[in-house]
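Inside the fold
Chain residues, written in single-letter form:
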Amino acid sequence: MFEKILVPLDGSATAQGILPCVKALARPFGSTILLFHAAEPPVELDRHEAHAKESIDRICSLAEEYLTGVTKVLRQEGFKVETEVALGGVAHSITDFAEAEAVDLIAMSTHARAGVPRWMVGSATDRVLRHTHKPVLLMRPAGETPLDAKPYPLKKIIVPMDGSQAAQTVLPFVQGMAKALKAEVVLVQVISVETTVQFAPMGPDTWAIPSNVLQQIDVLASGYLAGVGKDLQREGLAVSWDVLRGT
């Protein structure tokens, strides 16, 4: 299922936070880990200046040196690893490379760049999510992650459902991951206890759903989740489900 896992890194220990999850997936699937760095030249660098090429070469050289170090550690742990350094914008470089290499998964830390203003954190990740058609695995690291960190124990997968075909497109990936990882699957559907209405410019903007209607929705949602859950159970998976109320 995941023959090629693309892992964008920027040289920070925070970006390396995705590696424990990648290790957990790459081992059972026998995946090749593609380590990728987008070497983005500083905005003040004038490509027409005499020293421009030398500066760009230096940036790429440092990136390749960093990825070589990461590769060494991962290969010592028995993983198949390849590397690539591209010159250009981070998000576009990632999505273009993912398409060109036909990767099966893009795995990223959500706080990949260290030292940026808080309002910019995750902007590259957000652009990747909006522009790629590939599955994306995101993780928010608790702190700096060493390269030799142990695989993250992926034991339970929560799958939000809403009854739509779009939501169900994730199920083949959930099934494959749960089988390979021997993980439990928990299906959930959230029923909002309020709906938004507008009777007048100065009127209330929410209206509580009557309890008898909520009960009927709960029954329908429970039946839907039970149907999906039993299909997964027939595939040999450990599955449970629950209907939640709230936002």
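Before reading on, note that the structure itself is shown above.
Residues numbered from 1 in each chain as written. Predicted model: local features only at pLDDT ≥ 70, side-chain atom pairs only at ≥ 80, totals over all residues. Heavy atoms only, no water.

A short note on the overall build of the chain
Convention followed: Counting from the N terminus, the helices are the DSSP runs of H or I reaching at least four residues and the strands are the DSSP runs of E reaching at least two. Using a 1.4 Å probe on the protein chains alone, a residue whose accessible area is under 20% of its type maximum counts as buried, one over 50% counts as exposed, and one in between counts as partly exposed. We call two residues in contact whenever any of their non-hydrogen atoms come within 4.5 Å of each other. To measure how exposed things are, a 1.4 Å probe is used in the Shrake-Rupley method; for residues, cover is taken only from the protein chains shown.
Within the chain one finds seven helices and 10 strands. In the chain, which comprises 247 residues, the proportion classed as buried is 40%. Long-range contacts, defined here as pairs at least 24 residues apart, represent 75% of the contacts in the chain between residues at least 6 apart. About 14,300 Å² of surface is accessible on the chain, with carbon and sulfur atoms providing 54% of the total.

Focus on the sheet that holds strand S6 (residues 156-160)
Cut-off, in case you're wondering: Any two strands with at least two DSSP-identified bridges between them are counted as paired. Every axis in this analysis is a line fitted to C-alpha atoms, fitted for helices over the stretch in contact. Angles between the N-to-C directions lie between 0 and 180 degrees.
The strand order across the open sheet formed by three strands is S6-S7-S10, and the pairing between neighbours is parallel. A single partner strand is all that each edge strand has here, and the edge strands are S6 and strand S10 (239-245). For this sheet, the mean angle separating the axes of adjacent strands, direction not counted, is 25°. With seven bridges connecting them, strand S7 (residues 184-191) and S10 associate as parallel partners.

Section: the sheet that holds strand S3 (residues 80-87)
Within the open sheet, the five strands sit side by side as S3-S2-S1-S4-S5. Their pairing is parallel. Each edge of the sheet is formed by a strand with only one pairing partner; in this case those strands are S3 and strand S5 (136-139). Going from strand to strand, the sheet's axes swing by 25° on average, the running direction of each strand aside. Bridge analysis of strand S4 (residues 105-109) against S5 gives four bridges, and the strand direction is parallel. Across the sheet, Ala 107 pairs through a bridge with Leu 137, a residue of S5. Sheet strands touched by helix H3 (residues 90-100): strand S1 (4-8), strand S2 (32-39), S3 and S4. Its angle to S2, the strand with the most contacts, is close to 145°.

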